[in-house]
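# Summary of the model geometry
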Amino acid sequence: MSFPLQGVRVLELGQIIAGTYGSQVLSDLGAEVIKVESPEGDLGRIPSVAPYKGVSTLFLTFNRNKKSVVINLKTAPGQALFHDLVKVSDVVIDNFRAGVLERLKVDYATLEAINPRIIHCSVTGFGTDGAYKDYPALDLIIQAISGYLSITGEPGRPPARVGIPLGDLCGGIFSCKAILAALYQRERTGRGCRIETSMFDGMLNLLSYMGTHYLNTGEVPSPQGSAHEFTVPWQAFQARDGYIVIATRQENFWHKLCAVLGKPGLATDPRFATNPKRLEHRAALIPLIEGILRTRTVAEWLERLRAAEVPAAPVNDLAGAFAEPPVAERGMIVEYDHPEVGRVRLPGNPIKMSGMAGTPSHPAPRLGEHTDAVLRELLKLPPERIAALRREGAIG
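The present account deals with the structure reproduced in this document. (Residues numbered from 1 in each chain as written. Predicted model: local features only at pLDDT ≥ 70, side-chain atom pairs only at ≥ 80, totals over all residues. Heavy atoms only, no water.)

Bringing helix H1 (residues 21-28) into the picture now. Most of H1 sits inside the fold, with seven of its eight residues counted as buried. Of the positions making up H1, those classed as buried are Gly22, Ser23, Gln24, Val25, Leu26, Ser27 and Asp28. Elements that come into contact with the buried residues of H1 comprise strand S1 (9-12), strand S2 (32-37), helix H2 (57-62), strand S5 (66-70), strand S6 (91-94) and helix H8 (166-189). (Buried < 20%, exposed > 50% of the residue type's maximum accessible area, 1.4 Å probe, protein only. Helix = DSSP H or I, 4+ residues; strand = E, 2+ residues; numbered from the N terminus. Contact = heavy atoms within 4.5 Å.)

Written out as structure tokens, the structure is:
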């Protein structure tokens, strides 16, 4: 199989999610990712987090396709060893706190002097300088401080976080995009560069039009549940046996929905004839629609709504989501055999490219599993030198 990033080597100093997700995406595209861990290992290995057979599914997810090398960067021999790996690599990724890079001698100025083509990407919480540089950047902290808890959940209820670690994930999303751009730039210039992404910056960017609307109107949005601030009907409705979402962005969808509901007169009712009117009279309209939807099952309504080309979908749990036809059609479940827990099934790669067949899927590594092999194959170190480094505490 051919992959677009074959031949690209990434040294990952990242931990948990923000510093690991970006390189996991790069590995799906064919990059070789060498996870350089401390003797204690990535904090994402803690088995009490999303436990499965004594192993964290968090670690199983974000570290597939990677090799684990244990190097103690707090020792001079360990730092020298890492610098040797930098000479034969393309990218370094970290999510260390401010000041740690310099203390461990793995900052960009040091690495660039060793390899001018190196691309060094740091995923931070709030940047490497400024008032918040030392603030903790856990996902919940980032979701709260960037405004997401204020717009998520039901009106009048306590703040709710997005159900996935979006703050952490956006660090990986933007680091991956930046690294791909830097690799392209290096093809033209021959030189690497320093990249810094901030989880807080990324979350502000993902506010998208809501951020734009606030910045220009001063209107502070509030949580809407599944409803939309500017379009009605656009939300989840209770059917006889579950919930269904309906989204009528254009007026033609509104007319089709009324026909499916058996209430064509609603479409021309002066209170509901246009979206601005429906917004004004939302409190009267929504109970009317839901009263009708409660009379049939989700499956029955979906059949009718889809036949009429009204945008609608079931409110799936994860069992329903992974049972939807596109999952199998698009190869969105991958598997690997892990030496400790056996067969592991994971969400697949959403990026499909011509000439790229499938998704690489190799087990998340055991701590230090590839230390000897990487030092032997990449740095050509003889067994006696590797043994000496282990005695010195430089490797594990």
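Of all six residues making up S2, five are buried, and the element is well covered by its neighbours. As paired strands, S1 and S2 are joined by four bridges and run parallel to one another. Looking at S2, one finds that Leu11 is bridged to Ile34. As for the winding sense of the linkage, the β-α-β connection from S1 through H1 to S2 is right-handed. Where S2 lies against S5, five bridges are found, and the strand directions are parallel. Paired with Val36 across the bridge in S5 is Val69. (Pairing = 2+ DSSP bridges. Right-handed = clockwise from strand over helix to strand, strands pointing away.)

Before going further, it helps to spend a moment on the packing of aromatic side chains. Two numbers describe a pair of aromatic rings. These are the distance of the centres and the angle of the planes. Considering all chains together, one arrives at five aromatic pairs under this definition. Their ring planes at 45° and their centres at 5.6 Å tell us that Phe126 and Phe200 sit as a pair that is tilted. Pair noted here: Phe126 is in the loop between strand S7 (119-124) and helix H6 (139-145) and Phe200 is in helix H9 (residues 199-206), with a separation of 74 residues, a long-range link. Relative accessible area serves as the criterion here: at 13%, Phe126 is assigned to the buried category. The class for Phe200 is partly exposed, based on a relative accessible area of 22%. Ring centres 4.4 Å apart and planes at 15° place the aromatic pair Tyr132 and Tyr135 in the stacked group. An aromatic cluster is built from Phe126, Tyr132, Tyr135 and Phe200, whose rings are joined through pairwise contacts. (Phe/Tyr/Trp six-rings, centres within 6.5 Å; stacked < 30°, edge-to-face > 60°.)

Relative to the elements of secondary structure, Thr217 occurs in helix H10 (residues 208-217). Note on Thr217: relative accessible area 39%, which makes it partly exposed.

So, on to the nonpolar core. Ranked by internal contacts, the top residues of the largest apolar core, which has 27 residues, are Ile71, Leu81, Phe82, Val92 and Ile395. At the level of elements, S2, helix H3 (76-87), helix H4 (100-104), helix H5 (108-114), helix H18 (371-378) and helix H19 (383-391) are the ones that each hand at least two residues to this core. With four residues, H3 is the largest single contributor of residues to this core. Sequence-distant contacts of Ile395, that is, excluding residues within four places in its chain, are made with Val70, Ile71, Leu81, Thr371, Leu375, Ile386, Leu389 and Arg390. In this structure, Val232, Phe237, Trp254 and Ile289 belong to the second largest nonpolar core, which totals 24 residues. (Core = buried A, V, L, I, M, F, W, Y, C linked by side-chain atoms within 4.5 Å.)

This part takes up the pattern of salt bridges. Under the criterion given, the structure shown has 22 salt bridges. The closest approach of N and O atoms between Glu335 and Arg345, which form a salt bridge, is 3.5 Å. Taken together, the residues Glu335 in strand S12 (residues 333-338) and Arg345 in strand S13 (residues 342-347) connect sequence positions ten residues apart. Residue Arg390 pairs with Asp372 through a salt bridge whose shortest N-O separation is 2.7 Å. Here the residue Arg390 occupies a position in helix H19, and Asp372 occupies one in helix H18, the gap between them amounting to 18 residues. A residue is classified by how much of its surface remains accessible, and Asp372, at 31% relative accessible area, is partly exposed. Beyond isolated ion pairs, a larger network of salt bridges with shared partners links Glu12, Lys35, Asp42 and Lys66. (Salt bridge = Lys/Arg side-chain N within 4 Å of Asp/Glu carboxyl O.)

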